[in-house]
Amino acid sequence: MDLYRTTLCLAYQSLGIVYGDLSTSPIYVYKSTFSGNLRLYEEDLEIFGVLSLVFWTLTLIPLCKYIIFVLSADDNGEGGTFALYSLLCRSSRMGIFFPSQAEHAHPSYDGGTSRKEGKTSLVIKDFFEKHYYSRLFLLLVVLLGTSMVIGDGILTPTMSVLSAVSGIKVKIPHLHEYITVGVACVILMAIFSLQHCGTSKVGFLFAPILVAWLLSVGGVGLYNIVHWNPGVFRALSPYYAYKFFKVTGKVGWSSLGGIVLCVTGAEAMFADLGHFSQVSLRVAFAGFVYPCLVFAYMGEAAYLSKHIEDLQSSFYKAIPEPIFWPFFVIATLASVVASQAIISATFSIISQCRALKCFPRVKVMHTSDEIHGRIYIPEANWMLMVLCLAVVLGFRDTDKIGNAYGLAVITVMFVTTCLMFLVIVTVWKRHVLVALIFVLVFGSIELSYMSACLMKIHRGGWLPLVSSLVILCLMLVWKYGTVKKQEFEHQNKVGLDRFLTIGPSLGVIRVPGIGLIYSNITSGVPPMFSHFVANFPAFHKVLIFVTIETLLVPRVPVNERLVISRVSLPEHHIFRCTVRYGYKDVRDSYDFESKLVDKVEEFLQGGETLTSSPPPNNVADSDTDAVPESSGTAAAAAVGRRRVRFRDVELQSGPNVNVRELMEARQAGVAYMIGNTCVVAREEASFAKKLAINMIYRFLRQNCRRPATALGIPHTSLIEVGMVYNI
């Protein structure tokens, strides 16, 4: 009973979060479809043909593709483009930048099946493993899909709100355009100002509005069917779609750019999956949203069949006179709800990109203790608001915004279809014919709509292409700069055995306390720390190298998050801690210090059995073999010249002694060391590389959150080491 109650509660909340965009599309679908040359075809056949196309598009894409198939491709409850990419990378070596994540993924995280793998699956995996550029192309496709989702977050609120507010012109035809634009801007600012309340509160606030909206449009649709033309049910036959294209030809094909708007918001069902559950989304859509929308579109077509002159304002003209103003208020409120779906999806996709280091560091606030997928990103929220206002003020025309909107929506859907082909074959291990049928059925439909949208690039369709291209370039530059920086650290790290035992001369002094050294490398000494020691020969009595990894899984169990290992002899008191997060994990940094020290204490008390690393006498096999003796940076050479010795080292060892020394060091204080690096392209580098690194990447680093702030490091305990990386 509790399960059913929870499912119904989530289904109710999903109405206010996920289905707002999809449910408000009747406001502008017919208007956008007949906005071009199709307005010359104003007969019942064309109207019924458009209704047939709308019905089958709504049935095939949201109901069949997403509700039945795509929602099943979740990544441990998470959805979206990156969730599909995560599944593919863990099932094979399709990832290009995440080899360490794939190696550390625990078998329990795997979302695959026990089904026997077919020859086609092995061929596809082998192809991606052998060809670097195939993996690069796959990553570009994924980033294109995510950039389109973010771009969609700009267009959805503007289209929904402006279309709803423009309905007032039906009653006040001489109202100046700037008044409706101003009202739309005020509503948009209110929408984004509410986002800090969290998805749960917004969902409960918005759900009653959408319930009232769907009941209203469904009820008005039934009234119009009965009152104006009960024979509209005949248009559900695909024969009318065939006749529509036969009569209208190329003009009818071009009108698909307006018809595709009936499925705007369908991708949000998958992208917002982390906020809800598969069952709740299916119950809400199939049981309530879908039938109400079908009645709404049928009712509007029934009205148009008797009032062909009202094509450009048919939605509001079809509302009975006595309920127009209450209906208008509900429509305006529903447009606010419509914006919520894509805003939540944008937050989710940016969070995933940030966790996988494909997006600059931003503040991610978790607004629910029960459901970790519910987040709020202040920087993204206010940036979206500014861009939405700019689009409203710049275009002021729902027809042009609709052209841009349709192209963004259908591109994301087609990317999902392509990724689903790989998921069906390599993750679900189904026969390749099943995947081909999926792609041929849904991909052909989406390509048809995409071709129609591309014909309208000059009439607003350029906007999503430009915005997604800018976002894609920023993500690629950030990823490229981050990877190059990590490569530099790996290539210039110092072997730990060389760092500790290279000669009997006096050198480093050990001071009381615990030093946490943050870096991106999992073995050896980071160049930042060796640079520090070369110039200031002292570090803490207990040293812990901390590496934070984001695995290609949504969440890592708490008991597997911290992995402790000893990387030197016991009397040196040097440890390594690998902190593993999933891309949807809550990164609680406030009590990280106490959790880490407690884990080290548990490691020592347990006889040092909590490590998967080799024992101390095999340190050379794990921490030093990656850097040959001839490897040299200025910092490494300086460390080589300073022979290291530790003063006041007790030669006795054992769990109790080590634990006591750990507690004494903890009482003396904890210091955090992190690199403050300046990444610079070499003089001989190409112009493109200098532009990407010296200008764009540097600008992003200077204007995003600082690493210490993102990690929650106390400012009073922070030691920053400045370095210049020439890449």
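In the block above lies the structure referred to throughout.
What this report covers is the structure whose coordinates are included nearby. (Residues numbered from 1 in each chain as written. Predicted model: local features only at pLDDT ≥ 70, side-chain atom pairs only at ≥ 80, totals over all residues. Heavy atoms only, no water.)

## Structural notes on helix α7 (residues 119-130)
Helix length check: α7 (12 residues) gives 16 Å between terminal C-alpha atoms against 16 Å at 1.5 Å per residue, within 8%. For α7, the set of buried residues is Ser121, Ile124, Lys125 and Phe128. For α7, the angular spread of buried residues about the axis comes to 95 degrees, placing them on one side. Structural note: α7 exposes Lys119, Val123 and Lys130 on the side pointing more than 90 degrees away from its buried face. Elements in contact with the buried residues of α7: α5 (81-91), α8 (132-165) and α19 (398-427). (Helix = DSSP H or I, 4+ residues; strand = E, 2+ residues; numbered from the N terminus. Expected span 1.5 Å × (residues − 1). Buried < 20%, exposed > 50% of the residue type's maximum accessible area, 1.4 Å probe, protein only. Arc of directions from axis to C-beta. Contact = heavy atoms within 4.5 Å.)

## Some words on helix α9 (residues 177-193)
Taking 1.5 Å per residue as the helical rise, α9 with its 17 residues ought to reach 24 Å, and the 25 Å between its terminal C-alpha atoms agrees with that figure. Of the residues making up α9, those classed as buried are Thr180, Val181, Ala184, Cys185, Ile187, Leu188, Ile191 and Phe192. Considered in projection along α9, the buried side chains sweep an arc of 170 degrees and stay on one side of the axis. For α9, the exposed residues set more than 90 degrees away from the buried face come down to Tyr178 and Val186. As for α9, its buried residues are in contact with α8, α17 (324-355) and α18 (378-395).

## Regarding the nonpolar core
Nonpolar side chains tend to gather and get buried jointly when the protein is soluble and globular. In terms of nonpolar packing, the biggest core is built from 169 residues, with Tyr19, Trp213, Phe285, Tyr297 and Tyr316 touching the most fellow members. With 18 residues, the top contributor of residues to this core is α19. Leaving out residues up to four positions away in the same chain, Tyr297 has contacts with Ser25, Pro26, Val29, Tyr30, Leu51, Val54, Leu58 and Cys262. Counting 31 residues, the second largest nonpolar core, distinct from the first, contains Val533, Ile574, Ile693 and Leu700. (Core = buried A, V, L, I, M, F, W, Y, C linked by side-chain atoms within 4.5 Å.)

## Quick word on unusual backbone geometry
Even without being glycine, Lys429 reaches a positive phi, approximately 60 degrees. The topology assignment puts Lys429 in the loop between α19 and α20 (432-454). At His573, a residue that is not glycine, the phi angle is positive and equals roughly 55 degrees. Checked against the element boundaries, His573 lands in the loop between β5 (562-566) and β6 (574-582). His573 gets classed as buried once you look at its relative accessible area, which sits at 7%.

## Looking at the packing of α5 against α8
Viewed as axis vectors pointing N to C, α5 and α8 meet at an angle of 160 degrees, and their least axial separation amounts to 9 Å. By the criterion of interaxial angle, the relationship of α5 to α8 is roughly antiparallel. Where α5 abuts α8, its residues Thr81, Phe82 and Tyr85 lie against Leu138, Leu139, Val142, Leu143, Gly145 and Thr146. Partitioning the contact of α5 with α8 into residue classes produces 6 nonpolar, 3 polar and no charged. (Axes fitted to C-alpha atoms, helices over the stretch in contact; angles between N-to-C directions. Parallel < 35°, antiparallel > 145°, perpendicular 65-115°, else oblique. Nonpolar A, V, L, I, M, F, W, Y, C, P; charged D, E, K, R; others polar.)

## Details of the pattern of salt bridges
According to the stated counting rule, one finds 7 salt bridges in the structure shown. Across the pair Lys65 and Glu446 runs a salt bridge, and its minimum N-O distance is 2.5 Å. Linking Lys65 in helix α4 (residues 44-69) with Glu446 in helix α20, this pair joins segments that are 381 residues apart in sequence. Assessed through its relative accessible area of 0%, Lys65 is described here as buried. Assessed through its relative accessible area of 0%, Glu446 is described here as buried. Two residues, Asp126 and Lys130, come together in a salt bridge whose shortest N-O distance is 3.2 Å. (Salt bridge = Lys/Arg side-chain N within 4 Å of Asp/Glu carboxyl O.)

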